[in-house]
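# Summary of the model geometry
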Amino acid sequence: MMLFIEKIKNKLKKPESMHIDFLPAKFFDSKNWFHQPSLIDLSIENHKIHLQSKTTDSTYVNFWESNSNYSKLEERHNKLILHPQNSIFIEGHTTNSLNYQIYLIEYDEENQQTKKHTIQLNQLQQITPKPTTKAARLAIRIAGEGEMEIRNIFTSPFLPVEKKEKTSIRHLNNLTFAGVLPQSAIISLNAVTEATRLQPDVYEKTLANNVPDFILLEAGELQDGNWGDIHDRTSPIGRLILWCQTSDIPMIVWHKQTAAPYEKLQERLADFKFVLIHDPEIYDAYKQAAGETPIHLIPYTIGAPSIDVFKKHPTVTVLSPRIAEPDTGFEAESATEPTKQPTRSKQLLHIETIPAAANIEIQIEEQLSKGNLVICEKSALKSNIFQNLARTVETETELKQLITDYQHNPDKAADDYRAISRTIRWKHNYRDFMHFITKSLKIEHSTRLPSATIIFSIRTEQEYQNVVRTIEKQTANRVNWILFITPFTGFEQAINHLLAADNIKVYIASFAVKNYSLEQLTKSTYVGVVDSSREYDDFYIEDSINMMYYFRMTSFVDYSIKKNKPVFAQFFLTAKNTHQTLASLLETFVPKEKMK
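The numbering scheme is per chain: residues are counted from 1 as the chain's sequence reads. Per-residue local features are limited, in this predicted model, to residues with pLDDT of at least 70; the limit for side-chain atom pairs, both in listing and counting, is 80 or more; totals at the level of whole chains, interfaces and linings are taken over all residues. The basis for every side-chain value is the complete set of non-hydrogen atoms in the structure, without hydrogens or water.

### A closer look at the overall build of the protein chain
In terms of helices and strands, the protein chain carries 17 helices and 30 strands. In the protein chain, which comprises 596 residues, the share counted as buried stands at 49%. Of the contacts made within the protein chain by residues no fewer than 6 positions apart, 71% connect residues no fewer than 24 positions apart. Each accessible area value is a Shrake-Rupley result obtained with a 1.4 Å probe; residue values ignore everything except the protein chains displayed when judging cover. Here the protein chain has roughly 29000 Å² of accessible surface; of this, 48% comes from carbon and sulfur atoms. Under the scheme used here, helices are H or I runs from DSSP no shorter than 4 residues and strands are E runs no shorter than 2 residues, and both carry numbers assigned from the N terminus. Exposed residues in this analysis have more than 50% of their type's maximum accessible area, buried residues have under 20%, and partly exposed residues fall in between, with area computed by a 1.4 Å probe over protein chains only. Here a residue-residue contact requires only that any non-hydrogen atoms of the pair lie within 4.5 Å.

Structure below.
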């Protein structure tokens, strides 16, 4: 009785117009459906519409309007408003004994029917109204005894776009993807692939020009409000989600910053392919949300520092809300001062102190991307993620002592800077981040780590000792060594000792240069030719090869920081140099007399 009274009230109301955007929100409300109870039972439970036909004759169930005259839609009737283009998907099933048609009917300025669309269950229907269409209505025609259940409806102001399904790629830059991302992430991603940044006012045009394989949404980008409310289907972010759903483009949530809100995202997890999270506490919060969307906890992803990993004087940046620049008895080197050449124990560092921002994570990442060594208060970090990406202190005394140590021994600052850079490139880098995404999307991609062949030219006993010590302490894996020896006193014993190792090959220099090509000597990803007049530290080869691999470099020259010094080493991509003779490659950095 109450339901009957509600429907009578609805008939007495002034006519309303509802945009098709809001159809899903009104669809599963029994007050919005009109039918003859003697012919059809209609019930709605658990967000499902259940229809039971009681007759073999045809009968109609009308949405939002009780009028059964479908040839005309008068001013007093409720109306649906369509977009210039629409997609609609209704999910459900019927028994075999029931015939049905779901109609979306268009009406013009004269309220006359102009076009009728038939919507099949479980099929995406594309609807482009006539230019004269003013309004529409929805109705279901049922014939025969049987049952129908509708459990979901999807509407979109977009038509599906044509896309190419990728099941495998050769390189990461073969991907086509776009993202709601900060500019810093775009810069870092473009070091390993090609990413397009979406803007809320022009994203449709951007996507129309280049259909992506997937879209990456960084949760922090929703904070400033430019993308609107994620629950509003008409906001830019709401529309973007609809665009992805219409064309079955995977959309991935990336909750990078711990300060980014996650409550609203939790409520829409079903709209996303999966979620990537770095912080364990936020990961636990997402896991508590209902749904089947996969949640992945992965290492923090950060832009790699500048490629000059061998510099001796990284800028030391102190981030602190209260600690002034410490007085250590040493003056910070100004960026405008001329380069000085003090003794090793008195080399000066450039030290700067800047206020710690509320979101110190972004600030640390910005400083790291500039190639700076960061020091901050441990208590300022909201998460343990950055414990191995910055030097942390707990007291002002500890800070002063650390700065003093760095200024007395700048090599310590350089070593810490290189260690952090190494950690980023091997554990927190964007290349592995993209590998994880492609794997999760079932896009096959070779992730084989690079191999290297390192060439030394040895002419003296001292150079031999330098090379042996360098090889013994290197941390790099997948490395082979080639030694070109110019005979010196005792070189026969040196050769016998070196040949005992499986990954070392020894050649007489003059013979090898004349008779071998680079292609005959190695199939490694990279080749490095290193000067043997000095000894190199444990990570020298690993850092060099890792840097080339990460930044997709084809060559790299180490001048040992000072540009007026001789070349110490050159590394290059083997595939780009197989056409050159071995002699032409070596003469750039190894004196010709060493090859005689």
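### Describing unusual backbone geometry
Even without a glycine there, the phi angle at Asp-248 is positive, about 55 degrees. If you trace the backbone, Asp-248 turns up in the loop between helix H5 (236-246) and strand E17 (251-255). Despite not being glycine, Arg-478 shows a phi value in the positive range, around 55 degrees. Structurally, the position occupied by Arg-478 is in the loop between helix H12 (461-473) and strand E26 (479-485).

### What to know about empty space enclosed by the protein
A cavity, in this analysis, means grid points on a 1 Å lattice covering only the protein atoms where a 1.4 Å probe fits yet has no way out; a pocket is instead an open set bounded by protein on both sides within 12 Å along at least five of seven lines, and a residue lines either one if it has an atom within 4 Å of a point. Grid points are joined across faces, edges and corners, and a volume is the space filled by probe spheres set on the points. In the structure shown here, the tally under the stated rule is two cavities of 30 Å³ or more. Along the walls of the second largest cavity sit Phe-63, Trp-64, Glu-65, Asn-78, Lys-79, Leu-80, Ala-136 and Arg-137, which together make up its complete lining. Of all the secondary-structure elements, those providing two or more residues to the lining of the second largest cavity are strand E6 (79-81) and strand E11 (133-143).

### Some words on the pairing of strand E22 (residues 373-377)
Buried residues dominate E22, accounting for five of its five residues. Alternating residues of E22 divide into Leu-373, Ile-375 and Glu-377 and Val-374 and Cys-376, and every residue in both groups is buried. With three bridges connecting them, E22 and strand E23 (residues 391-393) associate as parallel partners. If you follow Glu-377 over to E23, its bridge partner there is Val-393. Each pair of strands is called paired provided DSSP finds at least two bridges between the two strands.

### Focus: the packing of aromatic side chains
Centres within 6.5 Å are what make two rings of Phe, Tyr or Trp a pair, Trp counting through its six-membered ring; a difference in plane orientation under 30 degrees is then read as stacked, over 60 as edge-to-face, and the rest as tilted. For the coordinates displayed, the defined rule picks out 20 aromatic pairs. Aromatic pair Phe-556 and Phe-571: ring centres 6.1 Å apart, planes at 20 degrees, arrangement stacked. With a gap of 15 residues between them, Phe-556 in strand E29 (residues 555-558) and Phe-571 in strand E30 (residues 569-573) connect regions that are remote in the sequence. One exposure class covers both Phe-556 and Phe-571, and it is buried. Ring-pair connections join several aromatic residues into one group, and the members of that group are Phe-27, Phe-28, Trp-33 and Phe-63. Cation over ring: Arg-422 sits above Phe-539, and NZ or CZ is 3.5 Å from the ring centre. Here, over-ring charges are defined by two tests on the NZ atom of lysine or the CZ atom of arginine: distance to the ring centre within 6 Å, and angle to the ring normal within 35 degrees. The ring of Tyr-549 carries the charged tip of Arg-431 above its face, separated from the ring centre by 4.4 Å.

### A look at the nonpolar core
Counting 34 residues, the largest nonpolar core has Ile-454, Phe-456, Ile-541 and Phe-571 as the members making the most contacts within it. Where this core is concerned, the elements lending two or more residues are strand E25 (452-458), H12, E26, helix H13 (491-498), strand E27 (504-508), strand E28 (526-530), helix H16 (540-551) and E30. Contacts of Phe-571, omitting those with residues within four sequence positions, involve Ile-454, Val-527, Gly-528, Val-530, Tyr-540, Ile-541, Ser-544, Ile-545, Met-548, Thr-554, Ser-555 and Phe-556. Nine residue types can take part in a nonpolar core, namely buried Ala, Val, Leu, Ile, Met, Phe, Trp, Tyr and Cys, and a core is a set of them joined through side-chain atoms within 4.5 Å. Counting 32 residues, the second largest nonpolar core, distinct from the first, contains Leu-198, Ala-219, Trp-227 and Ile-295.

### A few points about the sheet that holds strand E14 (residues 177-180)
Strands sit in the order E15-E14-E16-E17-E18-E19 across an open sheet of six strands; the sheet is parallel. Looking at strand neighbours, the two that pair on one side only are strand E15 (195-197) and strand E19 (295-297), the edges of this open sheet. Averaged over neighbouring strand pairs, the angle between their axes works out to 25 degrees when direction is ignored. In this analysis, axes come from line fits to C-alpha atoms, helices being fitted only over the stretch in contact, and the angle between any two N-to-C directions falls in the range 0 to 180 degrees.

### Focus on the pairing of strand E7 (residues 86-94)
As defined by bridge partners, E7 adjoins strand E10 (residues 125-127) across three bridges and the pair is classed as antiparallel. Each residue of the ladder has a partner; that of Asn-86, found in E10, is Ile-127.

### Quick notes on the confidence of the model for the protein chain
Confidence of the predictor at the level of single residues is given by pLDDT, which spans 0 to 100. Taken over all residues, the pLDDT of the protein chain has a mean of 85, while the share at 70 or more is 88%. The least confident element of the protein chain is helix H1 (residues 2-12), whose mean pLDDT is 53; the most confident is E7, at 97. Throughout residues 323-347 the model reports pLDDT below 50, and contacts reaching past four residues in sequence, or to other chains, amount to 40 contacts.

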